[in-house]
Amino acid sequence: MSIRTDLAVERLESGEMTSDDLRRESYSAEGMECIRVTQPDGGIYLTLSLDSLLRREQESFARACRAVAGRLRELAPKLTGQAPVLVIGLGNRAVTPDAVGPLCCQSVLATRHLTRTEPIVHGFRPVSVLAPGVLGTTGVETGEIVRGLLEHIRPELVLAVDALAARRMRRLMRTIQLTDTGIVPGSGVGNARTALTQQELGIPVIAIGVPTVIDTATIAEEITEQTHTRCEALDDLNTPAIVTTRDVDRQVADAARVIGYGINLFLHPMLKLTDIDAFLS
């Protein structure tokens, strides 16, 4: 069996990521725990806890949005004054655990068309938002769509939002991972497509993801490792399948909205959450 996870912090815990130069540090962001993993090549992974949001603590939504915006500032290169940005919502809107990206796009302010007509009045950064769907329904690779857009929009930064796979139940729907290393769409469910990275696209790519599923083989391997036992029931979990939470609809919608609002606060620092609510209503 193989353990599958898209979370850097879990790969580090399992020993999959090992290096004398690898650094792991924890700090608080808006009262939420954030783990920073820095690779020898300079790649950075930030894992933000959503526990307070799931517990519906006071101001947890606002704090989570500000925390996401702050982590994007931590990762993003310095953008010129009105540099265009492209936001890509990866995934399949029709499959709830895979709908984080498309749902996030509904909460991101698309402003490119406004800034082209009245840039001084609006004062917004030009932002384009796209939920390209998946190869099985469009017949077109996401990477092909994105590269086509880059020729016309010419953004200085791409933000890609997607669902991820976790290794441990305690991180399912409870974390947001942000990284400046890009993303490979579909890798979380073993269906990897064309990579969206700076090497492939020629501009910086920040990937933002939420672990929404766990592979059953991974669960079986975890139990086997911790108990040092094997049984027929665990062997049955080798059958290709994935699991998610009972409240996946609400949790995916909540996480997508947090990420969308956090992106807005990052791209348009003059906005407040109430402003975003008004623009999206």
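Before reading on, note that the structure itself is shown above.
Residues numbered from 1 in each chain as written. Predicted model: local features only at pLDDT ≥ 70, side-chain atom pairs only at ≥ 80, totals over all residues. Heavy atoms only, no water.

Caption draft 1: The pattern of salt bridges, seen in detail. This model, assessed by the stated rule, comprises 18 salt bridges. Of the charged contacts in the structure, one is a salt bridge between Glu13 and Arg171, with a shortest N-O distance of 2.7 Å. Residue Glu13 is found in helix α1 (residues 8-14), and its partner Arg171 is found in the loop between β6 (157-166) and β7 (175-179); the two are separated by 158 residues along the sequence. What makes Glu13 partly exposed here is its relative accessible area of 34%. Taking the relative accessible area as the measure of exposure, Arg171 reaches 7% and is therefore buried. Taken together, the salt bridges that share partners define one network made up of Glu10, Glu13, Arg167, Arg168, Arg170, Arg171 and Glu222. (Salt bridge = Lys/Arg side-chain N within 4 Å of Asp/Glu carboxyl O. Helix = DSSP H or I, 4+ residues; strand = E, 2+ residues; numbered from the N terminus. Buried < 20%, exposed > 50% of the residue type's maximum accessible area, 1.4 Å probe, protein only.)

Caption draft 2: Main features of helix α12 (residues 248-267). Taking 1.5 Å per residue as the helical rise, α12 with its 20 residues ought to reach 28 Å, and the 28 Å between its terminal C-alpha atoms agrees with that figure. Of all 20 residues in α12, 15 are buried; the element is thus mostly enclosed. (Expected span 1.5 Å × (residues − 1).)

Caption draft 3: Just the nonpolar core, in detail. The biggest cluster of nonpolar side chains holds 76 residues, and the ones touching the most others in it are Leu72, Leu159, Ile176, Ile208, Ile259 and Ile263. For this core, the element with the most residues is α12, which contributes 11 residues. Not counting chain neighbours up to four residues away, the residues in contact with Ile176 comprise Leu46, Thr47, Leu48, Leu50, Val68, Ile208, Gly209, Val210, Val258 and Ile259. (Core = buried A, V, L, I, M, F, W, Y, C linked by side-chain atoms within 4.5 Å. Contact = heavy atoms within 4.5 Å.)

Caption draft 4: The packing of α12 against helix α13 (residues 273-280), seen in detail. Running from N to C, α12 and α13 cross one another at 110°; their axes reach a closest spacing of 10 Å. It follows from the interaxial angle that α12 and α13 lie roughly perpendicular. Touching Arg257, Tyr261, Asn264 and Leu265 of α12 are Leu273, Ile276, Asp277 and Leu280, all from α13. The residue inventory of the contact of α12 with α13, partitioned by class, reads 5 nonpolar, 1 polar and 2 charged. (Axes fitted to C-alpha atoms, helices over the stretch in contact; angles between N-to-C directions. Parallel < 35°, antiparallel > 145°, perpendicular 65-115°, else oblique. Nonpolar A, V, L, I, M, F, W, Y, C, P; charged D, E, K, R; others polar.)

Caption draft 5: Structural view of the pairing of strand β1 (residues 23-29). Direction of pairing for β1 relative to strand β2 (residues 32-38): antiparallel, over a ladder of 7 bridges. Counted as the bridge partner of Ala29 is Met32 from β2. The antiparallel pairing of β1 with β2 creates a hairpin that spans 2 residues between the two strands, and Glu30 there sits at a positive phi of about 55°. (Pairing = 2+ DSSP bridges.)

Caption draft 6: Focus on helix α8 (residues 142-153). For α8, built from 12 residues, the straight-helix expectation of 16 Å at 1.5 Å per residue is met to within 8% by its first-to-last C-alpha distance of 16 Å. Among all positions of α8, only Thr142, Gly143, Val146, Leu150 and Ile153 are buried. Summarising the axial view, the buried residues of α8 lie within an arc of 100°, below the 170-degree limit, and thus occupy one face. Relative to its buried face, α8 has exposed residues pointing more than 90 degrees away, namely Glu151 and His152. Immediately downstream of α8, the backbone of Arg154 shows phi near 50°, a positive value. (Arc of directions from axis to C-beta.)

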